[in-house]
Amino acid sequence: MASSLTKDSARPGIPGSEKTFFGHPRGLATLFMTEMWERFSFYGMRALLVVYLLSGGPDAKKGSVGGGLGMDLATTTAIYSVYLSMVYLLAMPGGWLGDRVWGPRKTVAIAAVTIMAGHLVLALPGGQAPFFAGLALVALGSGLLKANISTMVGHLYDGPDDPRRDGGFTIFYMGINMGAFFAPLIIGTVGQQVSWHLGFGLAAVGMGIGLVAFLVGTRNLSPQSNVVPKPLAAEERASWLRKGLLWLVVAVVFYGVVGLTGHFTLNWAMIPLTVIGLIIPAGVLIRIKRDKELSDVEQSKMTGYIWFFVAAAAFWMIYDQGGSTVQAFGETKASGSLLGFDFPSSWYQSLNPVFIMALAPVFAWFWLWLNRKGKEPSTVAKFAAALFFIGVSFFFFLLPMGMAGGDTLVSPMWLVGIYLIQTVGELCLSPVGLSVTTKMAPAKYASQMMGVWFLAVTAGDSVTGLLSNPAVGGVDLSGTGAVAAEAVLAALAGGAVYMYRRKVKALMGDVH
């Protein structure tokens, strides 16, 4: 990679113009490394999360080493879903803090320190208290970082028309998938086979390397990334501070009373968070839709966008169970050996990123090939296909579920097939959803709509959290009935989106 930094006679005054990174501003190397190591820490910890929670519990793998929190699968799935929903929910306030308080560069540095601290707390022994404190810090830091580091990639280029811009984001997202691929192989192996807490500690080391890379390379970033675009006025700052402190006092008093009276359980935290994860996305969409300043065309586009949002929420509800329901099945019902080679179940989490790296260029070429022939599917059709594939992945999941019984373990290749089908669905929805979000956003909300897109993940995971929580839905998402129902739901949703494609296209106006 070092050889890719070459002398270049690019235009003066543009960050990184003296040296380039694969022909791009040198600051891209800084952000690439930061994001790669942040994703290494995030996906490494995520690969351990479910198996750590299950370890020592009633749903753990027979004969497995204990030392985890010993929870049942229903509670584990609820915790995992709430955690993911909060990561994406916190991307909105993270973007707001970057725009109005600290600026993107400072926000990313604070985020990295927060994430590293979270992993260090997770590395501490002591049961549930340090675990949930660490998890909260990682979620908070990830939310702060997510929107702001992407913003800084955009700052490296000479406006939206810079021909290098799309290629720069492609390289940046390769960093995401590289970190996500290697993390389970390293952190997962150490966590499952040596020590859970050493695994979490390695995640902290990964984020620490990313933080050092960021701080050392800040000189190559655009000066714009250090600017607060819309700083809060003194009165606004005081108002937000008062509101924040008020809600903090309310929360401390409320949970203090609940705890001191001996009524506190995990659900006192989980249920409000899952409800918030549904209320906020709905509230944000309603607020934008009811804005009387929007033109009739913008109102129409927002109505069409709600179709995409709901479809995406249904997709992510099933897709993100690849790290909970499917991962737990791989841990307890699939053989941990292939061709005589033994491996820990956390390695399954490396399948999605490697499939993305292999298939994303193929999909990009395929859409262009169809476009030249005038046959490229519409955005609506791609969303319908995504729902169809995610449904097929769970229909496919029913096959190994039916084969696994008693002490019978199925081949790990069944899980490879599930993750492959889900990745195909993701590539039909995720890049397309990001693009259509920017195209359909009302001018007034242009900078906020990317955060709205992430809220679809929050909504989907919140539904999963409520369904799996024994105190709310009590649905056994690992049972064949629930998996079949979700598969049918996805197929029906995909069919509905496709049936109404002309109506949605009409609402989209000039967006294609």
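Keep in mind the model is a prediction, meaning the values are calculated, not measured. (Residues numbered from 1 in each chain as written. Predicted model: local features only at pLDDT ≥ 70, side-chain atom pairs only at ≥ 80, totals over all residues. Heavy atoms only, no water.)

Draft legend 1. Looking closely at the overall build of the protein chain. When helices and strands are tallied, the protein chain shows 17 helices and five strands. Each principal axis of the C-alpha atoms in the protein chain carries an extent, and together these give about 65 × 55 × 55 Å. In the protein chain, which comprises 512 residues, the proportion classed as buried is 51%. In the protein chain, 77% of the contacts between residues at least 6 apart in sequence involve partners at least 24 apart. Summing over all exposed atoms, the protein chain offers an accessible surface of approximately 22400 Å²; the carbon and sulfur share of this is 68%. For the protein chain, the distance from the average position of its 35 positive side-chain charges to the average position of its 27 negative side-chain charges is 5 Å. (Helix = DSSP H or I, 4+ residues; strand = E, 2+ residues; numbered from the N terminus. Buried < 20%, exposed > 50% of the residue type's maximum accessible area, 1.4 Å probe, protein only. Contact = heavy atoms within 4.5 Å. Areas by Shrake-Rupley, 256 points an atom, 1.4 Å probe, with all protein chains shown as cover. Lys, Arg positive; Asp, Glu negative; His and termini not counted. Charge placed at Lys NZ, Arg CZ, Asp CG, Glu CD.)

Draft legend 2. Looking closely at helix H11 (residues 325-332). Most of H11 is tucked away, with seven of its eight residues classed as buried. Buried residues of H11: Thr 325, Val 326, Gln 327, Ala 328, Phe 329, Gly 330 and Glu 331, and no others. In the core, the buried residues of H11 are packed alongside helix H1 (27-54), helix H2 (73-89), helix H6 (165-193), helix H13 (379-403) and helix H14 (413-440).

Draft legend 3. How the structure looks around the side chain of Glu 298. Residue position: Glu 298 is located in helix H10 (residues 296-319). For the buried residue Glu 298, which engages in no salt bridge, the nearest side chain bearing the opposite charge is Lys 301, 7.3 Å off. At 3.1 Å, the side chain of Glu 298 forms a polar contact with the backbone nitrogen of Ser 295. In contact with Glu 298, not counting residues within four places along its chain, are Pro 442 and Ala 443. (Salt bridge = Lys/Arg side-chain N within 4 Å of Asp/Glu carboxyl O. Polar contact = N/O pair within 3.5 Å; in protein donor to acceptor, adjacent residues only side chain to side chain.)

Draft legend 4. Seen up close, a nonpolar patch on the surface. The grouping of Leu 241, Leu 245, Leu 248 and Val 252 at the surface amounts to a nonpolar patch, some 400 Å² of accessible area in total. Following the sequence through the fold, Leu 245 ends up in helix H8 (residues 234-260). A residue is classified by how much of its surface remains accessible, and Leu 245, at 47% relative accessible area, is partly exposed. (Patch = residues over 30% accessible without salt bridge, like charges linked within 9 Å, V, L, I, M, F, W, Y side chains within 5 Å.)

Draft legend 5. Highlighting the pattern of salt bridges. Per the counting criterion, the structure on display carries five salt bridges. Between Arg 39 and Glu 38 there is a salt bridge whose closest N-O contact spans 2.7 Å. Just as Arg 39 is buried, Glu 38 falls in that class too. Here Glu 293 ties to Lys 444 by a salt bridge, and the two come within 3.2 Å at their closest N and O atoms. In this pair, Glu 293 is assigned in the loop between helix H9 (267-289) and H10 and Lys 444 in the loop between H14 and helix H15 (449-468), connecting sequence segments 151 residues apart. If you follow the salt bridges from partner to partner, you end up with Asp 291, Glu 293 and Lys 444 in one network.

Draft legend 6. How the structure looks around unusual backbone geometry. With a phi angle near 55°, Leu 339 is a residue other than glycine that sits in the positive phi range. On the secondary structure map, Leu 339 appears in the loop between strand S4 (337-338) and strand S5 (341-342).

Draft legend 7. Inspection of the side chain of Thr 189 at higher detail. Topologically, Thr 189 is positioned in helix H6. The class for Thr 189 is buried, based on a relative accessible area of 18%. A polar atom in the side chain of Thr 189 sits 2.7 Å from the side chain of Trp 347. For Thr 189, the contacting residues outside a window of four places in its chain are Pro 184, Val 194, Pro 344, Ser 346 and Trp 347.

Draft legend 8. Broad picture of the environment of Lys 373. As for its placement among the helices and strands, Lys 373 is situated in the loop between helix H12 (351-372) and H13. C-alpha separation for the pair Lys 373 and Leu 48, spaced 325 residues apart in sequence, amounts to 46 Å.

Draft legend 9. Spatial organisation of the packing of aromatic side chains. This structure, assessed with the given rule, holds 32 aromatic pairs. Ring geometry for Phe 308 and Phe 383: centres 4.8 Å apart, planes at 65°, overall edge-to-face. In this pair, Phe 308 is assigned in helix H10 and Phe 383 in helix H13, connecting sequence segments 75 residues apart. With relative accessibility at 0%, the residue Phe 383 sits in the buried group. Look at Phe 329 and Phe 397: their rings are 5.3 Å apart centre to centre, the planes differ by 90°, and that puts the pair in the edge-to-face class. Of this pair, Phe 329 sits in helix H11 while Phe 397 sits in helix H13; the two residues are 68 residues apart in sequence, bridging distant segments of the chain. Here the two residues Phe 329 and Phe 397 agree in accessibility, since each one is buried. (Phe/Tyr/Trp six-rings, centres within 6.5 Å; stacked < 30°, edge-to-face > 60°.)

Draft legend 10. The layout of surface pockets, seen in detail. In this structure, the second largest pocket encloses a volume near 550 Å³. Taken together, 27 residues line the second largest pocket, and the ones lying closest to its centre are Asp 59, Ala 328, Phe 329, Thr 332 and Lys 333. Of all elements in the fold, only H2, H11 and H13 reach the threshold of two or more residues within the lining of the second largest pocket. Top element by residues in the lining of the second largest pocket is H11. It accounts for four residues. Among the residues forming the lining of the second largest pocket, the class breakdown is 13 nonpolar, eight polar and six charged. (1 Å grid on protein atoms, 1.4 Å probe; cavity = no way out; pocket = protein on both sides within 12 Å on 5 of 7 lines; lining within 4 Å. Points joined across faces, edges and corners; volume = space filled by probe spheres on them. Nonpolar A, V, L, I, M, F, W, Y, C, P; charged D, E, K, R; others polar.)

Draft legend 11. Fine view of helix H7 (residues 196-217). An ideal rise of 1.5 Å per residue puts 32 Å on 22 residues; H7 measures up with 32 Å between its terminal C-alpha atoms. Between the side-chain oxygen at the start of H7 and the backbone nitrogen of His 197 there is a gap of 3.3 Å, and the oxygen is on Ser 195. (Expected span 1.5 Å × (residues − 1).)

Draft legend 12. Local environment of the packing of helix H4 (residues 104-122) against H7. One way to put it is that H4 packs onto H7 with a least axis distance of 7 Å and a crossing angle of 160°. When the interaxial angle is binned, H4 and H7 end up roughly antiparallel. Along this stretch, H4 crosses H7, giving a crossing that reads as left-handed. Within the contact between the two elements, H4 uses Arg 105, Val 108, Ala 109, Ala 112, Val 113, Ile 115, Met 116, His 119, Leu 120 and Leu 122 and H7 uses His 197, Phe 200, Ala 203, Ala 204, Met 207, Gly 208, Leu 211 and Phe 214. Broken down by class, the residue content of the contact of H4 with H7 amounts to 14 nonpolar, three polar and one charged. (Axes fitted to C-alpha atoms, helices over the stretch in contact; angles between N-to-C directions. Parallel < 35°, antiparallel > 145°, perpendicular 65-115°, else oblique. Left-handed = near helix turned anticlockwise from the far one by under 90°.)

Draft legend 13. Structural detail: the packing of H8 against H9. For the pair H8 and H9, interaxial distance at closest approach is 12 Å and the crossing angle is 145°. Contact with H8, carried on its side by Phe 254, Tyr 255 and Val 258, involves Trp 268, Ala 269 and Pro 272 of H9 and no other residues of that element. Partitioned by chemical class, the residues of the contact of H8 with H9 number six nonpolar, no polar and no charged.

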